[in-house]
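Examination of the molecular architecture
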Amino acid sequence: MRKVTAAAAVLFVVAGLSGCGIPGSTDVQVRGGMPSPEAGGNADTVPPLDRESADISTARKTVEAFLAAAAGDPEQAVERARSFISPGKSAEWKPSSEINVVHLLEDLNVTPVDSSSSTAVLSVQHLGVLSANGALDPPNNADGKYTLTVGEVPGQSGFWVTGAPPMLLLRDSALRERYEQTPVYFWNKDRTALVPDMRWLPLSISLERRPTELLEWLSSGPSGLIGQAVDSLPANVKQKGNVPKVGADRALEVNLTAEAGALDEEALNRLGAQLHWTLRRYYSGDLLVKVEGQPRKTFATDASLLAANPSAELQSPPERFAIYDGEIKRLRDPNQVSLPPVPLVTAETRTGVSVASFSRLGQRIFGAWVREEGEGRELVISAEVPGMPLRIPIGDGVAGRPVWLWAPDAIADENAAGMVGLVVIDGKLQQFGTQDTNRTTLAVSGLPGPITAMGVAHDGQRIALVSGGRLFLTALIRTDTSVKVSTGLREVHTQLRDITAVDFAGQDTLMVAGQLPTNRVGIMETSLDGVDQLQRPTDLGSAQVTDLVAYPVNPMSANSSGAEAAYVVTNIPYRLLARSTRMEPTEMVDPPADAVANKITAPFFLQ
């Protein structure tokens with residue numbers, strides 16, 4: 001699945017079934033997959049909206065414009081929205097400067113009251129508060145209904161807002177249209193991997209100014225979601241002035257404050273990788289780093305910078321597996337003729353398997369699977385190192401699919417002593433390792449009940465959890481061989497309810513299964529904050545998705561069809577690409593002569 005060049009390793013050590021009838025009010029799109037925010041900057045500049053520039057010819061258009069007015073420079077958001085308030089009411093309207101991003105749960109319905117005024121009752125779901133640094137923080141208000149009144153004012157043209165709730169509301173559709181989602185990157189606590197921190201960048205900012213804005217956000221530190229799991233920039237290191245393009249080759253020049261002069265070569269290389277990944281959409285030449293105007297180092301845009309981001313190592317197509325009649329089987333596509341055997345399994349641990357996972361880390365493959373053993377079950381830990389496999393009894397506990405956490409090649413290749421995995425057993429998140437048969441239960445505060453599903457980002461620093469049919473996201477704090485769950489747990493608000501399964505579909509995207517607003521079951525890709533949601537082309541009726549696994553999209557990829565996934569409904573496994581297809585015995589390498597489809601279950605990928 002993954003391998004980078006030797007140079008990269010050196011820097012790393014240094015440094016059509018859419019018939020669900022989704023109502024228009026959900027803003028849910030149905031297509032193959034969610035575009036990556038890494039795919040390239042939006043060159044368009046979208047000016048902010050105030051009453052002078054908006055279409056206010058009808059009551060409905062005025063309401064729509066008012067719900068988009070907060071987009072743009074946050075310091076002027078209140079005044080832009082105030083420009084829509086009627087002259088007699090403008091001075092009385094005193095909202096907080098907090099920008100509340102909301103989703104309309106029902107179609108926008110503007111109802112006439114008389115010949116000159118109308119009312120719009122907004123039933124909203126609060127998605128979060130848009131901060132000045134582009135992060136979407138958790139909401140401060142409960143979902144509810146707000147009333148807007150709109151009317152004509154004698155002697156004035158167009159329509160005015162004559163009554164509004166005392167807060168700034170920004171509709172999620174306006175956020176998607178008037179911003180681009182883009183990551184800034186921070187090093188994890190071990191300084192072995194960059195972790196993306198998703199932000200919303202206003203398109204009212206010129207393309208030339210956007211790199212400067214991103215570096216200002218980088219200097220201000222990480223968002224609350226990952227803040228406990230990553231490091232900020234070195235103390236007092238900031239950029240000076242704008243970040244101009246230099247020359248015809250679209251290089252970027254970053255001028256830093258004097259404090260950057262004290263960075264040693266290792267720290268400077270880490271900073272160079274951090275700047276590259278944060279700004280890479282805005283240049284294609286070299287990255288020129290200066291300190292107080294004096295050249296310090298030039299970073300070439302090549303493979304040597306890629307190793308800092310584990311997600312850049314993902315390769316397609318993925319290697320596929322599934323469980324057949326209690327044994328792990330390799331799957332293949334019709335054009336694949338010769339494939340290696342299933343790794344790691346032994347005669348003693350090959351049968352009675354219910355769920356499994358494989359990960360390639362460094363030069364080794366690591367495996368973990370749950371199987372029946374005697375009167376109970378056991379968790380089998382295996383790797384291509386001496387002393388394996390380990391067999392950990394779990395009694396009659398109900399266990400989900402185990403997951404290995406990413407680790408740098410130096411740990412995975414040397415002796416695998418620092419390797420750590422996670423598994424949910426009886427609703428609790430537990431840690432396992434390669435050194436002994438101990439399991440450690442990790443504390444997760446703020447969940448409404450037992451954990452019923454989980455998904456871990458490929459970088460091993462963020463985790464999505466399902467509890468009580470709801471979706472939550474938080475960071476993993478990792479030092480050496482220990483793992484803690486950040487207290488920055490937050491709920492991801494989507495259009496789905498009764499959620500049953502989740503996995504990461506990319507470094508910025510989740511794939512989630514649950515019940516759609518139409519009361520049918522569906523699978524959706526959603527941004528980590530729930531603002532951007534796409535339904536994958538599946539119509540699952542009323543049957544629950546009991547298992548879901550995705551192979552994340554590489555952030556360097558131009559893939560527009562979305563992550564490949566596999567899921568199980570009513571004990572039947574399906575493969576999800578551009579469309580959903582049932583898995584058949586013919587996909588197995590060396591299938592039994594009497595193989596039947598209903599014995600295939602729990603599909604997974606070599607991650």
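As a starting point, this report considers the structure included with it. (Residues numbered from 1 in each chain as written. Predicted model: local features only at pLDDT ≥ 70, side-chain atom pairs only at ≥ 80, totals over all residues. Heavy atoms only, no water.)

**Focus on the pattern of salt bridges**
The condition is simple: Salt bridge criterion: a side-chain nitrogen from Lys or Arg within 4 Å of a carboxyl oxygen from Asp or Glu. Residue exposure (1.4 Å probe, protein chains only): buried if accessible area is under 20% of the type maximum, exposed if over 50%, otherwise partly exposed. The helix and strand labels rest on DSSP assignments: H or I over at least four residues marks a helix, E over at least two residues marks a strand, and numbering proceeds from the N terminus.
In this structure the tally under the stated criterion is 32 salt bridges. Salt-bridge contacts for Arg199 lead to Asp197; the nearest nitrogen and oxygen are separated by 2.9 Å. By the burial criterion, Arg199 is buried, and Asp197 matches it. Glu378 is paired through a salt bridge with Arg391; the nearest N and O atoms lie 3.0 Å apart. Taken together, the positions of Glu378 in strand E19 (residues 376-383) and Arg391 in strand E20 (residues 390-395) put the pair 13 residues apart, joining distant regions of the chain. Taken together, the shared-partner salt bridges in this structure form one network comprising Arg320, Asp333, Glu564, Arg575 and Glu587.

**What about the sheet that holds strand E36 (residues 572-576)?**
Sheets are built from strands paired through backbone hydrogen bonds, the pairs being either parallel or antiparallel. For the record, the criterion: Strands were regarded as paired on the criterion that DSSP finds at least two bridges between them. Only the stretch in contact is used when fitting a helix axis, every axis being a line fitted to C-alpha atoms; angles between N-to-C directions are given from 0 to 180 degrees.
Pairing is antiparallel in the open sheet, where 4 strands are placed in the order E34-E35-E36-E37. Of all the strands in the sheet, the pair left with one neighbour each is strand E34 (545-551) and strand E37 (580-582). Across this sheet, the average inter-strand angle for adjacent strands is 25 degrees, counted without regard to direction. With 6 bridges joining them, E34 and strand E35 (residues 564-569) adopt antiparallel strand pairing. When the bridges of E35 are listed, Tyr551 appears paired with Glu564.

**Quick word on helix H2 (residues 59-66)**
To be explicit about the condition: The arc in question is formed by the directions pointing from the helix axis toward the C-beta atoms. Contact definition: two residues touch when any of their heavy atoms are within 4.5 Å.
Taken together, the buried positions of H2 are Ala59, Thr62, Val63, Ala65 and Phe66. Seen end-on, H2 carries its buried residues on one side only, within an arc spanning 165 degrees. Contacts from the buried residues of H2 go to helix H3 (77-82), strand E3 (110-114), strand E4 (117-130), strand E6 (144-152), strand E7 (159-163) and strand E8 (168-171).

**A word on empty space enclosed by the protein**
Operational definition: Using only the protein atoms, space was sampled on a 1 Å grid; points where a 1.4 Å probe fits but cannot get out form cavities, open sets with protein on both sides within 12 Å along at least five of seven lines form pockets, and lining residues are those with an atom within 4 Å of a point. Grid points are joined across faces, edges and corners, and a volume is the space filled by probe spheres set on the points. In this count, Pro and Cys sit with the nonpolar residues alongside Ala, Val, Leu, Ile, Met, Phe, Trp and Tyr, while Asp, Glu, Lys and Arg are called charged and the others, Gly among them, polar.
Here the largest cavity is characterised by a volume of approximately 160 Å³. Around the largest cavity sit 13 residues that line it, and Leu136, Asp197, Met198, Leu225 and Arg490 are the ones nearest its centre. Here the lining of the largest cavity is composed, by residue class, of 8 nonpolar, 1 polar and 4 charged.

**Some details on the packing of aromatic side chains**
The cut-off we apply is this: Classification of ring pairs uses Phe, Tyr and Trp, with its six-membered ring standing for Trp, and accepts pairs whose centres are within 6.5 Å; under 30 degrees between planes counts as stacked, over 60 as edge-to-face, and the remaining range as tilted.
Scanning the entire structure with this criterion turns up 11 aromatic pairs. Where Phe366 meets Trp404, the ring centres are 5.4 Å apart and the plane angle is 55 degrees; that geometry is what we call tilted. Highlighted residues: Phe366 in strand E18 (residues 364-373) and Trp404 in strand E21 (residues 403-404), separated in sequence by 38 residues. Trp404 carries the same exposure label as Phe366, and that label is buried. Site record: aromatic cluster; members linked through ring pairs are Phe321, Phe358, Trp369 and Phe604.

**Concerning the environment of Gly562**
Positionally, Gly562 belongs in the loop between E34 and E35. When its relative accessible area of 9% is taken as the criterion, Gly562 is described as buried. Residues Gly562 and Asn519, 43 residues apart in the sequence, show an inter-C-alpha distance of 24 Å.

**Describing the pairing of strand E31 (residues 509-515)**
Consecutive residues of a regular strand have side chains that alternate between opposite faces of the sheet. For E31, the buried fraction is high: 7 of the 7 residues fall into the buried class. Of the pairings in the sheet, the one linking strand E30 (residues 497-506) to E31 comprises 6 bridges and is antiparallel in character. Opposite Val502, over in E31, you have Val512 as the bridge partner. Hairpin remark: E30 followed by E31, antiparallel, with 2 residues in the connecting loop. Pairing of E31 with strand E32 (residues 521-527) involves 7 bridges; the strand directions are antiparallel. Counted as the bridge partner of Gly514 is Gly522 from E32.

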